[in-house]
Amino acid sequence: MLTRRFLRIKVLQALYAYIESGESNINNGIKNLLDSIDKLYELFIWQLSFLVETKRFAANKITENRHKFIPTYDDLHPNMKYVNNRLLNLIEDNVDFKKQEAALKINWADDHQDVVKKYYMMMKDTQEYKKYMADKNESFSSDKKFIVEMVMKYFADLDVLQDFYEDKSIYFCDDYHLVSSMLIEFFTKMKNFDVNSKLPSIYKSDTAEEKADEKFVQMLFRETLAHNEEFGKLIADNTNNWEKERICLMDMIILKMALAEFVCFPYIPVKVTMNEYIEISKYFSTPKSKIFVNGILDKLAKKLAEAGRIEKKGLGLLEK
């Protein structure tokens, strides 16, 4: 379920925390990395549950309004479009989702209804909600589009939800925006998903690939640290007009991780590695990092190839 980009980001975060903390035990760093990936998936389930709970909240409000002492016409004839959202209903009825939600003991109704209410009231005031509720188009596609729009446009600045997760876990706080991207990807790519479908897992579902993904994150973490001094010198020697100390820590880690993939991962194409870390640098470093990372990696890929340090196999042949 987690694409290699998400996994690379988790390694980046783990390396940053490892270096900043002054930790010297790599095994402790690996354990923290794997724990953080587990917590990332937990937050994914929490966020699915939160979206489903907003639909449940809307249904309860409709029931309450119908039982007013003097209900209005709208109270008696409510717009049921959000309550009947096909995407949210499908997730709510999914057997695996129910199992995951129960395992994490998630209970918004009793413990955190104020958080749900604040989001729901905010959502009702958005133009996207008003347009969605007025639209006569009834389809899974339109229902999905609305949920994706809400996550994409509003979750980033949803302080009430971020504050709630910050109180629950430091991991949740760190991964909040990453999980929003995971939700969008999951919803966008959702095909042939029904009540009996398995939710996407942390790693790929195939046993061999699952082990390969877990091995990938551990190896990337270890190899980046194992070549820390070597790669640091290589970067410093090839950054004209830049002293090593002037390169921000996040950029340095991004560059070292990419170099580790160039040298130590024969089945990952150079172009794939470059594209991945250039994209990651857009979101996890300075505004100019994309150009800087692109230029340095392009130069170092050529130098390492000329020195015979990059040996790619199969589809991973060096292509420039």
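Report follows, based on the coordinates. (Residues numbered from 1 in each chain as written. Predicted model: local features only at pLDDT ≥ 70, side-chain atom pairs only at ≥ 80, totals over all residues. Heavy atoms only, no water.)

### Focus: helix 9 (residues 140-154)
Stage number 1. Taking 1.5 Å per residue, 15 residues should reach 21 Å; helix 9 reaches 21 Å between its end C-alpha atoms and fits that length.
Stage number 2. On the buried face of helix 9, the contacting elements are helix 2 (26-66), helix 4 (86-93), helix 7 (113-124), helix 8 (127-134) and helix 11 (170-189). (Helix = DSSP H or I, 4+ residues; strand = E, 2+ residues; numbered from the N terminus. Expected span 1.5 Å × (residues − 1). Contact = heavy atoms within 4.5 Å.)

### Comments concerning the packing of aromatic side chains
Stage number 1. In total, this model carries 22 aromatic pairs according to the counting rule given.
Stage number 2. Taking 5.6 Å as the distance between ring centres and 85° as the angle between the ring planes, the aromatic pair formed by tyrosine 119 and phenylalanine 155 counts as edge-to-face. With tyrosine 119 in helix 7 and phenylalanine 155 in the loop between helix 9 and helix 10 (159-168), the pair connects residues that are 36 residues apart, well separated along the chain. A single burial state applies to tyrosine 119 and to phenylalanine 155, both of which are buried.
Stage number 3. An aromatic cluster of at least three residues, connected via ring pairs, comprises Trp46, Phe50, Trp108, Tyr119, Phe155, Phe164, Tyr165, Phe172 and Tyr176.
Stage number 4. Taking the ring centre of phenylalanine 216 as reference, the NZ or CZ of arginine 4 above it sits at 4.0 Å.
Stage number 5. One Lys or Arg, lysine 81, reaches over the ring of tyrosine 132 and ends 4.6 Å from the middle of that ring. (Phe/Tyr/Trp six-rings, centres within 6.5 Å; stacked < 30°, edge-to-face > 60°. Buried < 20%, exposed > 50% of the residue type's maximum accessible area, 1.4 Å probe, protein only. Lys NZ or Arg CZ within 6 Å of the ring centre and 35° of its normal.)

### Notes on the side chain of lysine 81
Stage number 1. If you trace the backbone, lysine 81 turns up in the loop between helix 3 (73-76) and helix 4.
Stage number 2. Summary of buried charges: lysine 81 has no salt-bridge partner, and the nearest side chain of opposite charge, aspartate 135, is 4.4 Å away.
Stage number 3. Not counting residues up to four positions away in its chain, the partners in contact with lysine 81 are Tyr132, Met133, Asp135, Asn137, Glu138 and Asp143. (Lys, Arg positive; Asp, Glu negative; His and termini not counted. Salt bridge = Lys/Arg side-chain N within 4 Å of Asp/Glu carboxyl O.)

### Details of helix 5 (residues 95-103)
Stage number 1. Of all the positions in helix 5, only Asp96, Phe97 and Glu101 are classed as buried. End-on view of helix 5: buried residues confined to an arc of 135°, all on one side of the axis. Exposed side chains of helix 5 directed beyond 90 degrees from the buried face belong to Lys99, Ala102 and Ala103.
Stage number 2. Elements that come into contact with the buried residues of helix 5 comprise helix 2 and helix 4.
Stage number 3. Where helix 5 begins, the side chain of asparagine 94 points an oxygen toward the backbone nitrogen of aspartate 96, at a separation of 3.0 Å.
Stage number 4. Phi for lysine 105, located one or two positions after helix 5, is positive at around 55°. (Arc of directions from axis to C-beta. Polar contact = N/O pair within 3.5 Å; in protein donor to acceptor, adjacent residues only side chain to side chain.)

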